[in-house]
Amino acid sequence: MQRPIKPIAPKQSQYGIDPSSVKTRVAELPGIISVSLKELFPDLPEVIYPGENGLARVRQAAVDALSKVDMGMIKPEHSVNVLASHHGFTLLGGEPYAELLMAVKDAIEQRTGCSEIRLRAGVGMRFRETEEYIKRYGLGAYYSNKAIGVAPVDEGIPIETEIGTLYGIKKAYDADWIVHVHHTDVREVHFHRQVDKAVKPFGMSYARIETRSTYHHNLGPRGANFVARAIFDSEFVQKKFAFAAFLNIAPNGIVGVDVDNDLYAMNDRVTFTGCRYYGKIMTLFGQIDECIAALDFPCPVPYVFSAGVIYANFTGANTDLYDLEAPFPPYTWYTEAYYGKRGKPLLSMILPINPAIKMCVHNYAWGGYPSAFFAEQIPTLVVGQEQADLFDRDPLNPNYMDYATVIRSTEAAMNFAYRATGVRKVIIFDGAMGGINVSEPLAELLEAKAPEVSDRVDHELLPKWLRQRGVDLSVLKQRA
Amino acid sequence: MKLVTMMAQVDDSKCKGCRTCERVCPVLAIKVEHKKAVVDPERCRGCANCEQRCPEYAVAMVKRDRPLQVGVDVHAVNYGEVVDLCAKAGLHPEERICYCVGTRAEEVAAAIIKGARTPEDVSLGTGARTGCTIECIQPILRLLDAAGYDLVPPKGGWQWYGRTATAWDLSEALKEKYKSRGFYFEEDRAVLDQLVAEGKKVVKPDAEAY
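All of these numbers come straight from a predicted model, not from anything done at the bench.

### As for the overall build of chain B
Piece 1. The helix and strand tally for chain B stands at eight helices and four strands.
Piece 2. Of the regular secondary structure in chain B, the N- to C-terminal order runs β-α-β-β-α-β-α-α-α-α-α-α.
Piece 3. By its C-alpha atoms, chain B is 55 × 45 × 30 Å across when sized along the principal axes.
Piece 4. Counting the 210 residues in chain B, one finds 51% classified as buried.
Piece 5. Sequence separation of 24 or more characterises 65% of the internal contacts of chain B that already satisfy a separation of 6 or more.

### Some points on the pairing of strand β14 (residues 380–383) of chain A
All names here are of chain A.
Piece 1. Side-chain alternation along β14 places Thr 380 and Val 382 on one buried face and Leu 381 and Val 383 on a second face that is also buried.
Piece 2. Across three bridges, the pairing between strand β13 (residues 357–366) and β14 is parallel. Residue pairing for β14: Val 361 is matched across the bridge by Leu 381.
Piece 3. Traced from β13 through helix α13 (residues 372–377) to β14, the parallel crossover comes out right-handed.
Piece 4. Pairing between β14 and strand β15 (residues 405–407): three bridges, direction parallel. Across the sheet, Leu 381 pairs through a bridge with Thr 405, a residue of β15.

### Considering the domain arrangement of chain A
Residue and element names in this part refer to chain A.
Piece 1. For chain A, the domain assignment lists domain 1 (19–44 + 285–457) and domain 2 (54–250).
Piece 2. The straight-line distance from the C-alpha centre of domain 1 to that of domain 2 is 29 Å.
Piece 3. At the level of elements, α11 (311–314) and α12 (333–337) are the ones that each hand at least two residues to the side of domain 1 that touches domain 2.
Piece 4. Grouping the constituent residues of the side of domain 1 that touches domain 2 by class yields 17 nonpolar, five polar and no charged.

### Considerations on the interface of chain A and chain B
Piece 1. Contacts between the two partners involve 55 residues from chain A and, on the opposite side, 58 residues from chain B.
Piece 2. Broken down by element, the side of chain A that touches chain B gets its largest block of residues, eight residues, from helix α7 (residues 209–218) of chain A.
Piece 3. Classifying every residue of the side of chain A that touches chain B gives 27 nonpolar, 16 polar and 12 charged.

### Some remarks on the domain arrangement of chain B
Residue and element names in this part refer to chain B.
Piece 1. You can read the domains of chain B as domain 1 (2–69) and domain 2 (74–163 + 195–200).
Piece 2. Distance between the C-alpha centres of domain 1 and domain 2: 24 Å.
Piece 3. Listed by partner, the interface residues are 12 residues for domain 1 and 14 residues for domain 2.
Piece 4. Taken together, the elements giving at least two residues each to the side of domain 1 that touches domain 2 come down to β1 (2–10) and α1 (20–24).
Piece 5. Residues belonging to the side of domain 1 that touches domain 2 are distributed by class as follows: six nonpolar, two polar and four charged.

### A short note on the nonpolar core
All names here are of chain A.
Piece 1. In this structure, Leu 295 and Val 361 are the most contacted members of the largest nonpolar core, which totals 238 residues.
Piece 2. Of all the elements, helix α10 (residues 263–285) adds the most residues to this core, at 11 residues.
Piece 3. Filtering out sequence-adjacent residues up to four positions away, Val 361 remains in contact with Val 26, Ile 292, Ala 294, Leu 295, Leu 381, Val 383, Ala 413, Met 414 and Ala 417.

### Here's the deal with the packing of helix α3 (residues 79–88) of chain B against helix α4 (residues 105–113) of chain B
All names here are of chain B.
Piece 1. At a minimum axis separation of 9 Å, α3 and α4 run at an interaxial angle of 110 degrees. On the basis of the axis angle, α3 is roughly perpendicular to α4. Across the interface between the two elements, Glu 81, Val 82, Leu 85 and Cys 86 from α3 touch Ala 105, Glu 106, Ala 109, Ala 110, Ile 112 and Ile 113 from α4.
Piece 2. Taken together, the residues of the contact of α3 with α4 sort by class into eight nonpolar, no polar and two charged.

### Quick word on the confidence of the model for chain A
Piece 1. Confidence in the prediction for chain A averages 97 pLDDT; 99% of positions are at 70 or higher.
Piece 2. Mean pLDDT across the elements of chain A bottoms out in helix α18 (residues 473–479) of chain A (64) and peaks in strand β2 (residues 79–85) of chain A (99).

### Looking at the environment of Val423(A)
Piece 1. Locating Val423(A) in the fold gives a position in the loop between α16 (410–421) and β16 (426–429).
Piece 2. As a C-alpha pair, Val423(A) and Cys291(A) span 132 residues in sequence and 6.2 Å in three-dimensional space.

Calculation notes
Residues numbered from 1 in each chain as written. Chains lettered and ligands numbered in written order. Predicted model: local features only at pLDDT ≥ 70, side-chain atom pairs only at ≥ 80, totals over all residues. Helix = DSSP H or I, 4+ residues; strand = E, 2+ residues; numbered from the N terminus. Buried ≥ 20, exposed ≤ 12 C-beta atoms within 10 Å, placed from the backbone. Contact = placed C-beta atoms within 7 Å. Pairing = 2+ DSSP bridges. Right-handed = clockwise from strand over helix to strand, strands pointing away. Domains from an automatic or database assignment. Nonpolar A, V, L, I, M, F, W, Y, C, P; charged D, E, K, R; others polar. Core = buried A, V, L, I, M, F, W, Y, C linked by C-beta atoms within 7 Å. Axes fitted to C-alpha atoms, helices over the stretch in contact; angles between N-to-C directions. Parallel < 35°, antiparallel > 145°, perpendicular 65-115°, else oblique. pLDDT = per-residue confidence, 0-100.

Rendered as structure tokens:
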């Protein structure tokens, strides 16, 4: 147990309050310490970031990996769209993903002689979010002013697939070639269930509203993951796809860079990493019997991070999110859709939101994602009127403050949460790198439970998870 | 139901009349006239698509002097028709289809029974699809389709393009081809069937519990 790790700093964004208004971070309060992830799970891989010369090491890993991929299809007279997604910029401060995007551009230019290289950065629901990142990380200038954010309401293009017509964003595909730049971080396991995670942006951040709505309403909570594969496998996309470049990330940091012309080979590796390393953290979080969850990160409510796990996944940690036999995570949009007017699930198979979360302290998190369901299900304290006003103005959150209550300061919120719940275990979703900021009683619990969890994942759960996804471990080992 | 508290406001000095705002507005509340965008305050539902996509940053979202309450009363229509229409579209009447506004399938069905013919009509009447404007387009199209209306997108607009496949449309060959990769198509369809069956049992609208 060590001193708290410095949380990710608040960021200037139209989707959050002014960083100067974030007066106190939860990790600064008495009783908060940190636990190293590597101490909890010694088999987590060694990382190149965070660490000394971390960004330079990310760049070198990217240069090395990119040097081995086939770019022979790209001719000097061609155009290339480098496709990115907003999620990558939320990982470990965002700089590593920006560095990879720069390295990709340089490698294409140097190896092919092509100069018409554009960055097209897709978004979730905050349509100008990647515009903000392009400015923050200097990607506009780096890409010779050919970097733009693209949104799912922008002009579309029909794509014929195995399940009929779906729709992509026209500007994502308006080049001879596309290069898919992403990462292995798991993020929304409640949605993708670690099925085709490497392919997902084709059905999401590169896709139009019709496609995304198909994913979230039409095919069911597990079948929906086919949407991305349908688009990626289409003749239209296959003719343009050149290669993929991923930040290889584990819960404790960046392990390296993975580049491949075969996205499905990469997908199997992503599935393995996501299940093995992140599966251990999530299974460990499922052992938490009671806690106060503190949100303190520059992202919308469900996306705030702790140990590589987002809050949305923690709200489902009372179940095994990786077990595909269970149709519904306690939180996912299909689940939310099936809560009736009396506030109860319409189907008995839907389990409640993680009952271990006794209270949520929303110290700092953005709007721009429909979050009322969390406040409906979990008593929520929002720190500061400014943040409450932000949510009241947000078209995606007209009802959030109907369920949450405003409290004046971080200190007052935590003190109230301690007294009201009688709970001393605190988990902070603040993006701490390499560890978790928690209260001492929770640290003790995590350290006590980790060895058994590690053993259970390795010997019982991981083989089942991989089998459910059709991933052959022996093939992965052969490639390693 | 939605309490609309915000509306779009155009800065004429910045607007170049490019029509992007027109093409992304889910309720057709903003139009370019004489090379400048003009907002109809009575139609604007405050989604901010125009503000978010304007390349000139010419649109701002401002607080309304008086909030506007929109919504369709499900008690004002024959609820049996609502249940039938939802079932035909593969939805439970209480299914929440708009995660931002919280609109349920029954309200969209009621709007259609009361005369809505397009997604734009539905959004104007219920407020659905005026939050993120992304995720709920398919269930709205499914309900309109189930009611027998032709789905014709706004001319020249980017609001929406068309209906897509559902769990009930997937071929046996496709399910067989991919069944080992974790998609669970059949099992999910069974869950959705169960939900629709539960929905058919609803006989009257319930009160929203707070």
